[in-house]
Amino acid sequence: MLARSFARARTELPLLVLDSLLVGLAYLVTMFLRFDLHVPERYWHELLGFLPFAVVVHLASNWFWGLYQEMWLHASIREARRVVLSAATAAGLLATLSLLWMGIPISVLVVGPILATLLLGALRFQARLFGFRRRLVADRSRRVLVIGAGNAAAGIARDMLNNQQAGLTPVGFLDDNPRKQGRSIAGIPVLGRITDLDRIAIEVEADQALLAIPTAKQELVNRVAAACELARLPLHVLPRVDELVDGQISVRDVRELRIEDLLGRQQVQTDLDSVRNLLEGKRVLITGAGGSIGSEITRQVADFAPSVLLLLDHDETHLHDAAALIDMPAVQLLVDIRDRKRLAAQLRRWKPDVVFHAAANKHVPVLEDHPSEAFATNVMGTRNIVDASLDVGVERFVLISTDKAVRATSVMGGSKRLAEHLVLSAGREGRRRYSAVRFGNVLGSRGSVIPTFARQIAAGGPVTVTDPDMTRYFISTPEAVQLVLQAAAFSEGGELFMLDMGDPIHVLELARRMIRLSGRSHDIPISFTGIRPGEKLVEELQAPNEDWWPTAHESILRVSSPTATRATIEPCLERLAKAAEDADDGMLAATIVRLANDNTLTTTAGLPSALDLVSVDDTLMSEAVGGPTWNPASI
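So, a few notes on the structure that sits alongside this text. (Residues numbered from 1 in each chain as written. Predicted model: local features only at pLDDT ≥ 70, side-chain atom pairs only at ≥ 80, totals over all residues. Heavy atoms only, no water.)

### A short note on the overall build of the chain
Cut-off, in case you're wondering: Each helix is a run of H or I in the DSSP string that is no shorter than four residues. Each strand is a run of E no shorter than two, and both are numbered from the N terminus. Exposure classes here rest on a 1.4 Å probe applied to the protein chains alone. A residue is buried below 20% of its type maximum, exposed above 50%, and partly exposed in between. Surface accessibility follows the Shrake-Rupley procedure with a 1.4 Å probe radius. Residue values consider only the protein chains on display as shielding.
Helix and strand counts for the chain come out as 24 helices and 22 strands. Per-residue burial for the chain yields a buried fraction of 52% across its 635 residues. Taken as a whole, the chain presents about 29300 Å² of accessible surface, with 55% of it coming from carbon and sulfur.

See below:
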């Protein structure tokens, strides 16, 4: 108990010192006024003996009445009454003992405590006395309850106070750290823990909450969001530290909570030295640079100071937008990867050291209706960029792949599995550092489920879900790209990497949560449309014939995937190209999917050789892939 008392006194030392000075000043001023500024010498001697005693009595009385460890920003009549009672107690004690100082005038003993009361009250109520203008601004602005009481929270609170035009006024902090309870930041109190949010939001009449912990873990983000939903309090957030401009906290960075914040706020630990060694001073080419993944690769690669950054896309608007994201100059290549000659010419001109191949057609239902487009871009386009890269001696090549390539049921997934074969075979046969990285759905990418749900909610619904049992793996774009860069640094040649996607998420629950976040839980209906062609109910991250083992990074796995040789797959690709030219979409779609799932493509003992495959018996092929019999030689 004694130790806690000393610790408390040490914490309140600045206020104790100020109180001592003000009490002394009150009695000095009273003495001067009593004698019209000319105090006789004998009264000075009496006063010098009286002042230390008076200070101690006032401080003891203040302590007794609880004037320390108080949240004075929210002081009211109750606190003011205690200030008066403390002064009255001190005056009574001093009057009782005044016989020891017979030379102290009665007027000093009466007026001194009154003046001391005014000064001590002014010190404690200065936020209320001199904060009138701030209160007027607060009345016109939104009252913000800040979650967190760390450096970021302090910075954003000060910026809100200084930037009155923003229309946000911090009214309190919540933090689970017991050492911060009862403290204040920039004059704003720490009012309690996050579990107290519902109660405190009502007490301070908060209009919204702000999660000001840029390093918040997934569990904390979801807990705060759930508490705000319960309190019917809109929640805004600060972005992650690596998403802030120059790492500086500003009220301009505050934004509404998005579903991505609830699903993808993982802080990825990256071996920056290995990635820097991979990229710094190198000529780096990014295909599909204008896409969701490609533009994020562009942004992150630029931070590692490549000597030349080559951005390739067939869409000029997206290409321009990707270049505008970065501060360094970039070479914009308006080229379609399906144009083999122009692509090869550009690579011969610029001779990149590292290639990130993100260009692809990706929308499953669309590609079911247009398999020739999937084949031309995802398969033949990949072959073009791989061949051009081999031709100019590209050191490292990374294919962005997808979980839909695992036991593919769609043209999109099948075409990406064939692309994996092309890249991995180039790495294994040529002993080059060519690899592929698989991951699931990217949060917020163009045309994906989250922007679709957001658009439907904004339009008043209904929100369309294909099946109530459908699940998907999700990953944030920055997290995925950080892991892609790290996997590229791990590559020795011909590896297939898989990102740890965590637990699958029910799409129906995702839709419900987005509706709740919009504040329109009772207005937006959900309708079920049925699984679309090519879609799976549940996505997979590895096939039964694939195994995996960990890498040096806990979120990156190395997959042992049977891979076709280039000699094995090339004759099949040529025949598929012929089917595409003949516009036989039905045969082309079925063949892409079956080839992607065909274990006889891989170089495994006991299976047909490469060229035998093009005329393999249709019974063998049927057993390998299931379903109706087929013969690639008949394409």
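### Considering the nonpolar core
Heads up, the rule is: The term nonpolar core refers to a set of buried residues drawn from Ala, Val, Leu, Ile, Met, Phe, Trp, Tyr and Cys, joined through side-chain atoms within 4.5 Å. A contact between two residues is defined here by any heavy atoms of the two lying within 4.5 Å.
Core analysis: the biggest nonpolar cluster contains 71 residues, and Leu279, Phe356 and Phe439 have the highest contact counts within it. Here the element with the most residues in this core is helix H20 (residues 477-490); it accounts for 9 residues. Those residues within four positions of Phe356 in sequence are excluded, and the remaining contacts are Leu279, Val284, Leu285, Ile286, Thr287, Ile297, Val301, Val398, Val484, Leu485 and Ala488. Core analysis: the second largest hydrophobic core is formed by 41 residues, Ala216, Leu220, Leu443 and Met514 among them.

### A few points about the sheet that holds strand E12 (residues 396-400)
Inclusion rule: Strands pair, by our definition, only if DSSP identifies at least two bridges between them. Orientation is described by axes fitted as lines to C-alpha atoms, over the contacting stretch for helices, and by angles from 0 to 180 degrees between their N-to-C directions.
Taken in spatial order, the 9 strands line up as E10-E9-E8-E11-E12-E13-E18-E22-E21 in an open sheet, and their pairing is mixed. Each edge of the open sheet is held by one strand with a lone partner, namely strand E10 (331-334) and strand E21 (547-550). If you compare each strand with its neighbour and ignore which way they point, the axes differ by 25 degrees on average. Relative to strand E22 (residues 556-560), E21 runs antiparallel, the two sharing 4 bridges. Within the sheet, the bridge partner assigned to Asp547 lies in E22 and is Ser560. Of the strands in this sheet, strand E11 (354-357), E12, strand E13 (433-438), strand E18 (496-499) and E22 touch H20, which is tilted by about 145 degrees from E12.

### Side note on helix H12 (residues 272-279)
Defined as follows: In this description, one arc is meant: the one made by directions from the helix axis to the C-beta atoms.
Among the residues of H12, Ser274, Val275, Leu278 and Leu279 are the ones counted as buried. Looking straight down H12, one finds that the buried residues subtend no more than 125 degrees of arc, so they occupy a single side. What points out from H12, more than 90 degrees from its buried face, is the exposed set Asp273 and Asn277. In the core, the buried residues of H12 are packed alongside strand E8 (283-287), helix H13 (292-302), E11, E12 and H20. Positive phi appears at Gly281, one or two residues downstream of H12, with a value of about 75 degrees.

### Considering the side chain of Asp403
Take Asp403: it is sitting in the loop between E12 and helix H18 (411-430). Apart from residues no more than four positions distant in its own chain, Asp403 is found in contact with Phe439, Gly440, Tyr473, Glu539, Glu540 and Leu541.

### Notes on the environment of Ala459
Along the chain, the position of Ala459 falls in the loop between helix H19 (449-458) and strand E15 (463-465). On the basis of relative accessible area, Ala459 is assigned to the exposed category, the value being 64%. Note: C-alpha distance between Ala459 and Ile524 (65 residues apart in sequence) is 9.4 Å.

### Topic: the packing of H13 against H20
Relative placement of two packed helices is described by the angle separating their axes and the distance separating the axes. Heads up, the condition is: Left-handed describes a crossing in which the near helix is turned anticlockwise from the far one by less than a right angle; the clockwise case is right-handed. Residue polarity is assigned by list, with Asp, Glu, Lys and Arg as charged and Ala, Val, Leu, Ile, Met, Phe, Trp, Tyr, Cys and Pro as nonpolar; anything else, Gly included, falls into the polar class.
Closest axis-to-axis distance for the H13/H20 pair is 9 Å, and the angle between their directions is 65 degrees. The handedness of the crossing between H13 and H20 comes out as right-handed. Taking contact as the criterion, the partners of Ser292, Ile293, Glu296, Ile297, Gln300 and Val301 in H13 are, on H20, Thr477, Pro478, Val481, Gln482 and Leu485. Its residues assigned to classes, the contact of H13 with H20 shows 6 nonpolar, 4 polar and 1 charged.

### A look at the environment of Ile147
Examined against the element boundaries, Ile147 turns out to sit in strand E1 (residues 142-147). The spatial distance from the C-alpha of Ile147 to the C-alpha of Leu235 is 9.8 Å, given a sequence separation of 88 residues. Setting aside residues up to four positions removed in sequence, Ile147 forms contacts with Leu174, Ile194, Leu197, Ala209, Leu210, Leu211, Ala212, Ile213 and Val224.

### Overview of the sheet that holds strand E7 (residues 255-256)
With mixed pairing, the 7 strands of this open sheet are ordered in space as E3-E4-E2-E1-E5-E6-E7. Both outer strands of the open sheet, strand E3 (184-185) and E7, are each paired with one neighbouring strand and no more. Sheet analysis places strand E2 (residues 168-174) next to strand E4 (residues 188-192), joined by 2 bridges and oriented parallel. Bridge pairing in E4 links Leu174 to Gly192. Here helix H8 (residues 151-162) sits on the sheet and contacts E1, E2, E3, E4 and strand E5 (208-211); the angle it forms with E2, its principal contact strand, is near 155 degrees.

### Focus: the pattern of salt bridges
Definition in use: We count a salt bridge whenever a side-chain nitrogen from Lys or Arg sits within 4 Å of a carboxyl oxygen from Asp or Glu.
Overall, the coordinates contain 26 salt bridges when judged by the stated rule. Residue Glu373 is joined to Arg338 by a salt bridge in which the shortest nitrogen-to-oxygen separation is 2.8 Å. Highlighted residues: Glu373 in helix H17 (residues 371-392) and Arg338 in the loop between E10 and helix H15 (340-350), separated in sequence by 35 residues. You can call Arg338 partly exposed: its relative accessible area is 33%. Salt bridges linked by common partners bring Arg340, Arg383, Asp387, Arg566, Glu570 and Glu574 together as one network.

### A short note on the packing of H17 against H18
Under the convention used in this document: For classification purposes, angles smaller than 35 degrees are called roughly parallel, those larger than 145 roughly antiparallel, those between 65 and 115 roughly perpendicular, and all remaining angles oblique.
Viewed as axis vectors pointing N to C, H17 and H18 meet at an angle of 10 degrees, and their least axial separation amounts to 9 Å. It follows that H17 is roughly parallel to H18 by the angle criterion. Crossing handedness for the pair H17 and H18: right-handed. Contact residues: H17 offers Pro371, Ala374, Asn378, Val379, Thr382, Arg383, Val386 and Leu390, while H18 offers Val411, Met412, Ser415, Lys416, Leu418, Ala419, Leu422, Val423 and Ala426. Each residue belonging to the contact of H17 with H18 can be placed in one class, and the counts come to 12 nonpolar, 3 polar and 2 charged.

### Comments concerning the environment of Arg432
Counting through the fold element by element, Arg432 comes out in the loop between H18 and E13. Separated by 36 residues in the primary sequence, Arg432 and Arg396 place their C-alpha atoms 7.1 Å from one another. Excluding residues within four positions of it along the chain, Arg432 makes contact with Leu390, Gly393, Val394, Ala426, Gly427, Glu492, Gly493 and Gly494.

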